[in-house]
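Chain by chain, the residues run as shown.
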Amino acid sequence: MKTKSIEHIFTPPAPHMVGDGFRVHNFIPGSFGLSMQRMSPFIMLDYNSKFYFPPTDKPRGVSVHPHRGFETVTIAYKGKVAHHDSAGNSGIIGEGDVQWMTAASGVLHKEYHEQEFSKAGGDFQMVQLWVNLPAKDKMSKPKYQEITKENIQKYPLDNDGGTIEVISGAYQDTLGAASTFTPVHLQNAKLNTGGKAEFSFPPHYNTALLVIEGSIKVNDEKTVATDNFLLFKNEGEDFTIEALEQSVVLVLSGEPILEPIAAHGPFVMNTRDEIIQAFEDVNLGKFGYLD
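Predicted model, so just to flag it, every value in this text is computed and none were measured. (Residues numbered from 1 in each chain as written. Predicted model: local features only at pLDDT ≥ 70, side-chain atom pairs only at ≥ 80, totals over all residues. Heavy atoms only, no water.)

Q: Break down the overall build of the protein chain for me, citing the residues and quoting the values.
A: Across its full length, the protein chain carries three helices and 26 strands. Over its C-alpha trace the protein chain gives a radius of gyration of 19 Å, about what one expects of a compact globule, namely 19 Å for 291 residues. Principal-axis analysis of the C-alpha atoms places the extent of the protein chain at approximately 55 × 45 × 35 Å. Here the contacts in the protein chain between residues at least 6 apart in sequence split such that 72% fall between residues at least 24 apart. Counting every atom, the protein chain has about 12500 Å² of accessible surface; 51% of that belongs to carbon and sulfur. If you average the places of the 25 positive and of the 36 negative side-chain charges in the protein chain, the two averages end up 3 Å apart. (Helix = DSSP H or I, 4+ residues; strand = E, 2+ residues; numbered from the N terminus. Rg over C-alpha atoms; globule rule 2.2 N^0.38 Å. Contact = heavy atoms within 4.5 Å. Areas by Shrake-Rupley, 256 points an atom, 1.4 Å probe, with all protein chains shown as cover. Lys, Arg positive; Asp, Glu negative; His and termini not counted. Charge placed at Lys NZ, Arg CZ, Asp CG, Glu CD.)

Here you go:
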């Protein structure tokens, strides 16, 4: 098997606020070279690096907004997020939990800091990832997969190296809890100092790492620091990561969806006409209503 070589290591772009509750570094599609087409099926990655929010009586967050044509995946590392949508769904995403929302044909949605977390204040750290849908599934029925930390399957590494938490796809013989429309591997590698993990994905899959905590060495050659994003070239299959200290690494690998992408704000479709239709459908109330 050939080793995957490193294409580039990205330092975090300057942060910006999404609403008043999410202070994010936009890696996809904001960073140079990380376009939606290059990173497909991953079409957006906002990373709220660890940030302290002081106590407040009014929860911070993002007000009502629509989505159509893709899935949002929220991974909570620190803090808690509450959410509501126009189909009557609601819930709380706590530390270690994952919410996989298939917006598909369309929902109105809002998300904000959970009330008790807001009152107490504290460190907040999350990833929101947008996963594209193939054309045939873009107008399917919206759904949620609420994946609590207890339901995430874990693979123990040898020599007390740590664990691999499998959100979707597979690591060795351990399968992720999330169902996906196309092959998508999402894993949290939680490594003890000196812990080492080996990974293997097909050469044509788009594969990357985000260091959430600590620092790692990749393929025994490159050191990657906290909050940095590493992109692999589309060649080879195997790579290794070794923790230089206690580390958490988000591992992403997915088969590209080789279809046109037309994106505007909260809509990701295949044609400009479909984007126009999405705006019309929102204005006509076809996404439902949400206060």
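Q: Report on the sheet that holds strand β6 (residues 70-78), specifying residues and quantitative values.
A: With antiparallel pairing, the seven strands of this open sheet are ordered in space as β2-β3-β4-β11-β6-β9-β12. The sheet terminates laterally at β2 (16-18) and β12 (143-147), the two strands that pair on one side only. For this sheet, the mean inter-axis angle between neighbouring strands, taken without regard to orientation, is 25 degrees. (Pairing = 2+ DSSP bridges. Axes fitted to C-alpha atoms, helices over the stretch in contact; angles between N-to-C directions.)

Q: I'd like a rundown of the pairing of strand β9 (residues 98-102), residues and numbers included.
A: Within β9, five of the five residues are buried, which leaves the element mostly enclosed by the surrounding structure. The side-chain alternation of β9 yields two buried faces, one formed by V98, W100 and T102 and the other by Q99 and M101. Sheet topology note: the β6/β9 ladder contains five bridges and is antiparallel. In the sheet register, T74 faces β9, and the bridge partner there is Q99. (Buried < 20%, exposed > 50% of the residue type's maximum accessible area, 1.4 Å probe, protein only.)

Q: Any details on the sheet that holds strand β23 (residues 238-243)? Residues and values, ideally.
A: Strand order across the open sheet formed by four strands is β18-β23-β20-β21, with antiparallel pairing between neighbours. Looking along the sheet, the strands with just one partner apiece sit at the ends: β18 (196-200) and β21 (222-224). Sheet twist, expressed as the mean angle between neighbouring strand axes with direction ignored, is 25 degrees. Bridge analysis of strand β20 (residues 216-218) against β21 gives three bridges, and the strand direction is antiparallel. If you follow V218 over to β21, its bridge partner there is K222.

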